[in-house]
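The residues making up each chain are set out below.
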Number of protein chains: 2
Amino acid sequence: MKVLTKKTDYAIRALLMLGAKRGSYVSAKAIAVEQDMPYQFLRGVLQEMIRHDLIVSKEGVQGGFMLEKDPDEIGVKQLIEIFQGTVQVSECMFRKQICTNRSRCVLRHEIMRIEHVVNNEFEQVTIGKLLRKLQATNTLMPALNTVEGLASITQ
Amino acid sequence: MKVLTKKTDYAIRALLMLGAKRGSYVSAKAIAVEQDMPYQFLRGVLQEMIRHDLIVSKEGVQGGFMLEKDPDEIGVKQLIEIFQGTVQVSECMFRKQICTNRSRCVLRHEIMRIEHVVNNEFEQVTIGKLLRKLQATNTLMPALNTVEGLASITQ
DNA sequence: TATAACTGATACTATATTTATATCAATTAG
DNA sequence: CTAATTGATATAAATATAGTATCAGTTATA
Ligand code: FES
Ligand code: FES
C-alpha cells in the first residue's frame, strides 16, 4: 500500500529544491538531473503546481521555476489532493443504493474519524517544516545542489 | 486517493457477516448475494483469509466459511496488510543509492511518524469493535441477513 | 450411490491508474 | 539568430485493481 505516488513525491522534492533556492529560477532540467526524476514527467508535475499557484515560471533561456507561496502554507495534504485526489479512506462500505442515511452509520463514523486523523497529520507536514529540518541538518544549504549534497542530508 | 481497495472492503464486510453468524458455516454464495459482491472475486478474498488463519472452511453441501479468530484480534490494519501490502507512506524520498543512512534522515522521520499514526488508527479498528457497534444499532442481529437489514444499519 | 451444493486452485480477461515519453509551438537571454 | 527554456497536449508503457471462468475434489442428502 503506497500512500504517496511518484507525482506527490516528485512535487515535494521539487518544492524543497525551489524552497532552498528561493528568489532565483531553477529549470526543470536542473531539478530532474539533480534529483534523478524523469524530465518530462517532472515538467507535468511542475505545470500542475503552477496551475495551483504554488510556483511561478519564466520562459526562455535562464528561465525556470520559482517558489512563490509561503512554504509554511504548503502542506503535504494539499499536494496529495492535487496529485492523488481527496483522501478517502473508503467509499461507502455497503452499496450506495442502500446507504440512504450515512450520517448515522457506525461504520461510516469510524471511517471518517480515521480520515480526519490522516488528513490532520498530512496537513501538519508542510514544505516549510521540511525545509527547516533540512537547514538544521545542513546549515550552509549547498545540500540540494549536487548528488553528494543530497546524499549528505540523508546521513 | 483510495485507502481501502475492494478486496479489503469485501474482506471487512464478509468478516462482519461471519462474525454475526459465528458457529455456523456461511457459503460464499450467501455472502456474495446478500452483500452484492462478485462471487468469484469474493471467493479469492475468502481463500486468502483462510491462508492467514482468520477463518476456516468446510467443503461440500452445507459447507462454507466460519470465523475462527477472536474478532477483537482482527484489526483493519492486518486486513490492509494482507490485501494491499504493508502501509508505506512513501518509498525513500530520494534515490535509494544515495540514502545510505536512513535512520538519521529528517524526511524519513517525518514520514515514519505519519506511518505510525496511520497504522495505529487502523489497528484500533477491529472487527470486534465494528460488530459491537452493529449490535448496538440492531440488537436482534437480523441486520446482515437481508438487503433491507443491511440498509437498516446504515440509517 | 447419484447429484447438487459446496470449496480449492489456478488461469485468464478487463479496466483503471500510475508512470513515462514524445512533439511542437512560443518565449527569451545573449 | 540560436540555444535554452516553458506551455500544451497526445500517446505509450507499466503496473495494479477488479472481475470472470473452469475444473477438480468434497460432502450432505435424497
Ligand atoms: S456503509 Fe454506507 S453509510 Fe454506512
Ligand atoms: S530520503 Fe531517503 S533516507 Fe531520507
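Owing to the predicted nature of the structure, the values given are computational and were not obtained by experimental measurement. (Residues numbered from 1 in each chain as written. Chains lettered and ligands numbered in written order. Predicted model: local features only at pLDDT ≥ 70, side-chain atom pairs only at ≥ 80, totals over all residues. Heavy atoms only, no water.)

(A) Seen up close, the overall build of chain A. In terms of regular secondary structure, chain A is built from seven helices and two strands. Residue burial in chain A is summarised as follows: out of 155 residues, 51% are buried. Restricting the contact set of chain A to residue pairs at least 6 apart, pairs at least 24 apart contribute 62%. In the structure as shown, chain A presents an accessible area of about 7,400 Å², 49% of it carried by carbon and sulfur atoms. (Helix = DSSP H or I, 4+ residues; strand = E, 2+ residues; numbered from the N terminus. Buried < 20%, exposed > 50% of the residue type's maximum accessible area, 1.4 Å probe, protein only. Contact = heavy atoms within 4.5 Å. Areas by Shrake-Rupley, 256 points an atom, 1.4 Å probe, with all protein chains shown as cover.)

(B) Geometry of the protein's contact with DNA strand D. Close to DNA strand D lie 26 residues, the nearest being A28, R43, S57 and F65 of chain A together with G60 of chain B. The sugar and phosphate moieties of DNA strand D supply 56% of its atoms located within 4 Å of the protein. One nitrogen or oxygen atom from the main chain of V61 of chain A is found 3.5 Å from a base nitrogen belonging to DNA strand D. At a separation of 3.2 Å, a phosphate oxygen of DNA strand D approaches a polar side-chain atom of Y10 of chain B. (Near = heavy atom within 4 Å. Polar contact = N/O pair within 3.5 Å; in protein donor to acceptor, adjacent residues only side chain to side chain.)

(C) Fine view of the protein's contact with DNA strand C. The immediate surroundings of DNA strand C are formed by 25 residues, with K6 of chain A together with A28, R43, S57 and F65 of chain B found nearest. At the level of elements, α1 (6–20) and α3 (39–51) of chain A together with α3 (39–51), β1 (55–58) and β2 (64–67) of chain B are the ones that each hand at least two residues to the surface near DNA strand C. When residues in the surface near DNA strand C are grouped by element, the largest group, four residues, is from α3 of chain B. Across the surface near DNA strand C, the residue classes break down as nine nonpolar, nine polar and seven charged. (Nonpolar A, V, L, I, M, F, W, Y, C, P; charged D, E, K, R; others polar.)

(D) View of the pattern of salt bridges. Summed over all chains, the structure comprises ten salt bridges over all chains. Here K77 of chain A makes a salt bridge to E81 of chain A, at a shortest N to O gap of 3.7 Å. With a gap of four residues between them, K77 of chain A and E81 of chain A both fall in helix α4 (residues 76–84), about one helical turn apart. Its salt-bridge partner being D72 of chain B, residue R132 of chain B comes within 2.8 Å of it at the nearest N-O pair. Placement of the pair is R132 of chain B in helix α6 (residues 127–137) and D72 of chain B in the loop between β2 and α4 (76–84), with a sequence separation of 60 residues. Its relative accessible area of 44% is what places R132 of chain B among the partly exposed residues. A relative accessible area of 34% means that D72 of chain B is categorised as partly exposed. Put simply, K77, E81 and E123 of chain A are held in one network by salt bridges that share partners. (Salt bridge = Lys/Arg side-chain N within 4 Å of Asp/Glu carboxyl O.)

(E) Spatial organisation of helix α2 (residues 28–35) of chain A. Those residues of α2 of chain A that fall on the buried side of the exposure criterion are A28, I31, A32, E34 and Q35 of chain A. The first or second residue beyond α2 of chain A is D36 of chain A, which carries a positive phi of 55°.

(F) Molecular detail of the nonpolar core. Among the nonpolar cores identified, the biggest contains 76 residues, and M49 of chain A together with M49 of chain B are the most heavily contacted of them. Setting aside residues up to four positions removed in sequence, M49 of chain B forms contacts with A11, A14, L15, L54, I55, L79 and F83 of chain B. (Core = buried A, V, L, I, M, F, W, Y, C linked by side-chain atoms within 4.5 Å.)

(G) Spotlight on the pairing of strand β2 (residues 64–67) of chain A. Residues and elements named next belong to chain A. As paired strands, strand β1 (residues 55–58) and β2 are joined by four bridges and run antiparallel to one another. Residue pairing across strands places S57 opposite F65, the latter belonging to β2. Here β1 folds back onto β2 in antiparallel fashion, the turn holding five residues, of which G60 has a positive phi close to 80°. (Pairing = 2+ DSSP bridges.)

(H) Seen up close, the packing of α3 of chain B against α4 of chain B. Residues and elements named next belong to chain B. Across the interface, α3 lies against α4 with an axial gap of 11 Å and an inter-helix angle of 115°. One way to sum up the angle between α3 and α4 is to call them roughly perpendicular. Crossing angle aside, the handedness with which α3 passes α4 is right-handed. Touching V45, E48 and M49 of α3 are L79, I82 and F83, all from α4. (Axes fitted to C-alpha atoms, helices over the stretch in contact; angles between N-to-C directions. Parallel < 35°, antiparallel > 145°, perpendicular 65-115°, else oblique. Left-handed = near helix turned anticlockwise from the far one by under 90°.)

(I) Spatial organisation of helix α1 (residues 6–20) of chain B. Between its first and last C-alpha, α1 of chain B extends 21 Å over 15 residues, near the 21 Å set by a 1.5 Å rise per residue. Taken across its 15 residues, α1 of chain B has twelve buried, putting it largely inside the fold. (Expected span 1.5 Å × (residues − 1).)

(J) Highlighting the packing of aromatic side chains. Residues and elements named next belong to chain A. Inspection of the entire model under this criterion finds two aromatic pairs over all chains. Where Y10 meets F41, the ring centres are 5.7 Å apart and the plane angle is 85°; that geometry is what we call edge-to-face. Of this pair, Y10 sits in helix α1 while F41 sits in helix α3, and the two are 31 residues apart along the sequence. Given a relative accessible area of 5%, Y10 falls into the buried group. Relative accessible area serves as the criterion here: at 35%, F41 is assigned to the partly exposed category. (Phe/Tyr/Trp six-rings, centres within 6.5 Å; stacked < 30°, edge-to-face > 60°.)

(K) Geometry of the confidence of the model for chain A. Residues and elements named next belong to chain A. Confidence in the prediction of chain A, expressed as mean pLDDT, is 79, and 72% of residues score 70 or more. Every residue in residues 94–101 scores below 50 in pLDDT, and together they form 25 contacts with partners more than four places removed in sequence or on other chains. The model gives residues 139–155 a pLDDT under 50, and that stretch makes 40 contacts with residues more than four places away or in other chains. (pLDDT = per-residue confidence, 0-100.)

(L) Looking closely at the environment of F122 of chain B. Note on placement: F122 of chain B falls in helix α5 (residues 106–124). Note: C-alpha distance between F122 of chain B and G75 of chain B (47 residues apart in sequence) is 6.8 Å.

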